[in-house]
Every structure is written in structure tokens, then in C-alpha cells.
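# Structural overview
So you can see what is in the structure, the chains are spelled out below.
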Amino acid sequence: MDTSVKPSPEPPASPAPAGEAPSSAAYRNLILATVGFALTFWAWNLIAPMSGDYKDRLGISSFQQSFLVAVPVLVGSLGRIPVGALTDKYGAKLMFPLVSALTIVPVLLLIPAKNSYGAMLAVGFLLGLGGTTFAIGVPLVNAWFPPRKRGFALGVFGMGMGGVALSGYFTPRIAKHGDDLPSLVVAGALVVFALVAAVLVTDHPGRKIPADTLAHRLGAAGKLRVTWELSALYAIGFGGIVAFGVYLPTYLKTWYEMSPTEAGTKAAGFALVTVVLRPVGGWLSDRIHPAAVTSVALLLAALMAIVQAFEPPLDPVGTIALLAMAAGLGTASGSVFALVSQVTPQPKVGSVTGIVGAMGGLGGFVPPLVMGAIYSAKDSYAIGFMLLSDLALAGCVYAYGRMRNVQRDE
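Note that this is a predicted model, so its numbers are computed, not measured.

### Side note on helix α8 (residues 163-175)
Along its 13 residues, α8 runs 17 Å from first to last C-alpha, staying within 8% of the 18 Å computed at 1.5 Å per residue. The axis of α8 is deflected most strongly, by about 25°, at Y169, and proline P172 appears within four residues downstream. Residues of α8 that are buried: G163, V164, A165, S167, G168, T171, P172, I174 and A175.

### Considering helix α3 (residues 62-90)
Here α3 contains 29 residues, and its C-alpha end-to-end distance of 42 Å stays within 8% of the 42 Å for a straight helix at 1.5 Å per residue. A bend of about 35° at R80 is the largest found in α3, and the proline P82 appears one to four places after it. One or two residues past the end of α3 sits G91, with phi positive at roughly 90°.

### Structural notes on the packing of α3 against helix α5 (residues 117-127)
Interaxial distance between α3 and α5 falls to 6 Å at its minimum, and their mutual angle equals 25°. In terms of orientation, α3 and α5 fall into the roughly parallel class. Helix-helix and strand crossings are classified by hand; for α3 and α5 the assignment is right-handed. Contacts from Q64, F67, L68, V71, P72 and V75 of α3 reach α5 at Y117, M120, L121, G124, F125 and L127. When the residues that make up the contact of α3 with α5 are grouped by side-chain class, the tally is 10 nonpolar, 2 polar and no charged.

### Remarks on the environment of R80
Note on placement: R80 falls in helix α3. Owing to a relative accessible area of 0%, R80 belongs among the buried residues under this scheme. For the pair R80 and G357, spaced 277 residues apart in sequence, the C-alpha separation works out to 6.5 Å. If near-sequence neighbours (up to four positions away) are discounted, R80 is found in contact with F41, W44, G131, T132, F134, A135, F238, G354, G357, A358 and G361.

### Topic: the layout of surface pockets
Its boundaries defined by the atoms lining it, the largest pocket holds a volume of some 380 Å³. Lining the largest pocket are 20 residues, and of these A243, G363, P367, L388 and L391 sit closest to its centre. When residues of the lining of the largest pocket are traced back to their parent elements, those giving at least two are α11 (225-255), α15 (349-378) and α16 (382-401). Broken down by element, the residue count for the lining of the largest pocket peaks at 8 residues, all from α11. The calculated volume of the second largest pocket comes to roughly 210 Å³. At the level of secondary structure, the elements contributing two or more residues to the lining of the second largest pocket comprise α2 (51-58), α4 (92-113), α8 and α9 (181-200).

About the criteria used
Residues numbered from 1 in each chain as written. Predicted model: local features only at pLDDT ≥ 70, side-chain atom pairs only at ≥ 80, totals over all residues. Heavy atoms only, no water. Helix = DSSP H or I, 4+ residues; strand = E, 2+ residues; numbered from the N terminus. Expected span 1.5 Å × (residues − 1). Bend = angle between axes of the 7 residues up to and from the residue. Buried < 20%, exposed > 50% of the residue type's maximum accessible area, 1.4 Å probe, protein only. Axes fitted to C-alpha atoms, helices over the stretch in contact; angles between N-to-C directions. Parallel < 35°, antiparallel > 145°, perpendicular 65-115°, else oblique. Left-handed = near helix turned anticlockwise from the far one by under 90°. Contact = heavy atoms within 4.5 Å. Nonpolar A, V, L, I, M, F, W, Y, C, P; charged D, E, K, R; others polar. 1 Å grid on protein atoms, 1.4 Å probe; cavity = no way out; pocket = protein on both sides within 12 Å on 5 of 7 lines; lining within 4 Å. Points joined across faces, edges and corners; volume = space filled by probe spheres on them.

Below you can see the structure in the form of C-alpha cells.
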């Protein structure tokens with residue numbers, strides 16, 4: 001029996017004709033989506049760079065600290081499923097400014113919640129809303145760009161995950177001038193973006209609006225085998241990025257005894273590499289089969305995780321290993337979504353993106369908990385890095401052995 005993965009036999013995936021050059025409106029929406037993605041990701045990651053301070057202030061354990069950092073990741077990941085489906089129905093013009101505006105609420109609630117662990121968990125739950133904008137931007141960008149430009153465009157949009165790097169670098173520095181200042185700065189930026197997005201974000205005029213229910217659309221996306229195959233690969237690639245984005249400051253502060261500012265700076269460097277390499281993964285996927293790009297990228301991540309498992313000194317071996325791991329994970333996250341754009345009909349892109357994005361985010365929820373629990377039990381992070389290497393190697397083999405059968409969208 002032929003088990004190769006083929007694109008759905010539905011009509012062509014994109015409203016933008018394959019031979020058409022992207023319009024100025026396409027680039028305007030790409031820029032706006034990327035900026036909005038970055039700002040909401042900064043909001044999503046506001047707790048992680050200051051988690052060491054919260055641990056000291058609240059007197060919590062390493063596991064409780066990891067759980068506090070992981071809660072926004074979990075909620076933001078699962079929230080992508082309904083938000084992606086709602087974007088299919090109502091469009092990014094409504095959803096982007098709406099979700100950005102709603103994210104302001106938990107950002108400001110961090111101020112009164114900072115002295116209570118329970119309150120911080122509740123606000124972290126609400127902060128997860130900021131992580132859902134990924135499922136808004138992908139269908140928006142996908143609709144505006146023709147297939148042969150789509151991998152690179154989605155990679156550029158994916159650079160918005162640099163909001164994690166912005167948070168890691170700027171949040172602790174801004175906090176030196178006042179504990180509440182990071183929340184006020186991010187909330188102000190979100191207000192400005194929500195107003196600009198309400199005016200300038202536009203859905204593609206050829207966007208197909210699904211007539212069926214939310215549950216039916218999610219069910220149809222869930223029945224596609226490729227949805228779950230891509231979900232698994234994205235859980236490794238993007239999940240690894242999210243996990244390190246939120247937990248690397250804690251890891252560096254605990255294991256290498258850095259200050260919160262130093263740890264945040266190093267973590268920002270890791271995140272910056274993933275941001276830069278994501279469009280490279282998309283660009284390579286426009287020229288080489290994205291499954292091959294994904295395979296090589298995950299192999300690099302697996303090898304570097306093994307190196308880090310031996311707990312080398314940070315300068316230079318640890319730094320090189322972490323940055324090379326970031327390069328592999330960033331490239332893989334870009335190439336996996338090049339596959340998504342190729343095999344998903346445009347009316348289902350939001351729904352499929354929601355599921356795949358959710359699995360990617362969930363891939364980032366578990367590792368911080370595992371790393372915290374392992375360190376509490378073994379006083380070492382080596383087992384956690386070996387688990388990452390095993391997963392990345394499995395993804396490498398699956399991408400090369402199975403996903404090369406995906407046909408390219410001509």
C-alpha cells in the first residue's frame with residue numbers, strides 16, 4: 001500500500017498565484033505580523049528572565065520555579081488551536097489587534113501579583129494568550145505570498161519569536177530601574193501595535209472563508225496524518241527553542257552561577273541565533289526539499305545536545321554547543337513550516353497551524369519541568385540534554401526516511 005504523504009486533493013493552497021510577485025500589501029502585512037508576533041512573544045515570556053528573582057522573593061523550589069515559567073507556554077500552546085481556527089473564520093484583521101489588546105491585561109496584572117506564587121500562576125495562565133498569535137500570522141502570511149516565496153516569508157515571520165530574545169535581554173535591564181517597569185513598557189508597546197494593526201493589517205482579498213463550524217474544521221485538520229507528523233517534528237524543533245528560551249536563564253544562573261542579567265544576555269544570544277536561522281530554514285526549503293533541511297538541522301541539534309550533556313565549561317565549548325544547537329533548532333523550525341504551507345489547503349492553514357503550533361509549544365512545556373525535576377533529584381542537567389539528543393535524532397531519522405515523500409507544491 002502506498003503510504004506516502006500527499007497534499008490534499010482540494011483546490012490550490014494559496015490565493016496568491018504561483019507566478020505572481022508579492023505585492024506591497026504582502027510585505028506590509030508580513031512586517032506587521034512579524035512585529036506583532038515579537039511583541040506578544042515578549043509579553044508571553046515576561047516571567048522567565050526574572051524567574052530567579054521570583055524564586056528568591058517567593059521562596060519557592062526549583063520545580064515550582066520551572067512550573068511558573070512553563071505555565072504560559074502550556075496555555076499559549078493549547079490556545080493556538082482555537083485561535084488558528086478562529087483566524088480561518090474571522091481573519092487576521094480582526095484577530096491580530098484583538099489578541100494583542102487582550103494580552104495587555106495579564107501583562108499589567110503581573111504588577112499586583114508579584115508577591116504571591118498563586119497569583120503569579122494565575123497571571124501566567126492568562127499570559128499564555130500572547131503565545132497564540134503564531135496561529136494568526138501564519139495563515140495571514142501564507143495567503144499573501146505565492147508558493148515559491150512562502151517558505152522564506154514564513155521564515156521571516158517566524159523571526160518574531162525573537163520576542164523571547166528581546167525579553168531575555170531587555171526585561172532584567174529594564175527591571176533594574178523599577179520592578180514594574182517591564183510590564184508598563186510592554187503594555188505600552190502592545191497598545192500602540194493593537195491600534196496600528198487595527199488600521200493596517202488586511203486579509204488577502206481572495207481569502208476563502210470556511211462555512212462549517214469550528215469543531216468541524218478542527219476535526220478535519222486533525223484527521224490529516226501529515227498534521228500529526230509535522231506536529232511531532234515541530235514539537236522537537238520549535239519546542240526546543242521555547243524550552244531553552246524560557247529555561248536557559250535558570251539553567252545558566254543555576255549551573256554556571258551567573259547573575260540574572262548575565263544569564264538573560266546569554267539566553268538572548270541563543271534566542272537571536274534561532275531567530276536568524278529560522279528564515280534561513282525557510283529559504284533553504286524553497287530550494288531543497290524541506291524534509292532534508294529538517295533532517296540535517298535536527299542532527300546538528302542532537303550532536304550539540306550530547307556535547308552539552310557532558311557539562312563542559314561555558315567558555316568556549318558550552319557557548320559553541322548551545323549556539324550551534326540554537327542554529328539547528330532554528331533552521332528546523334523554519335523548514336517544518338515550509339512543509340506545512342506546501343501540504344495544507346489555504347482554508348485549513350489556520351486550523352492545521354493551530355494544531356502544529358500547539359504541539360510545538362507543548363514540546364516547550366515539558367522540558368523545563370523535566371530539567372527542574374532532574375536537577376532537584378540528581379543535581380545535574382546531563383540526563384535532560386541526553387533526552388533532547390534522543391528526540392532530535394529520532395526526528396532527524398523520521399524527517400529523512402518518511403517526510404521526503406511529501407510532494408512539493410508547484
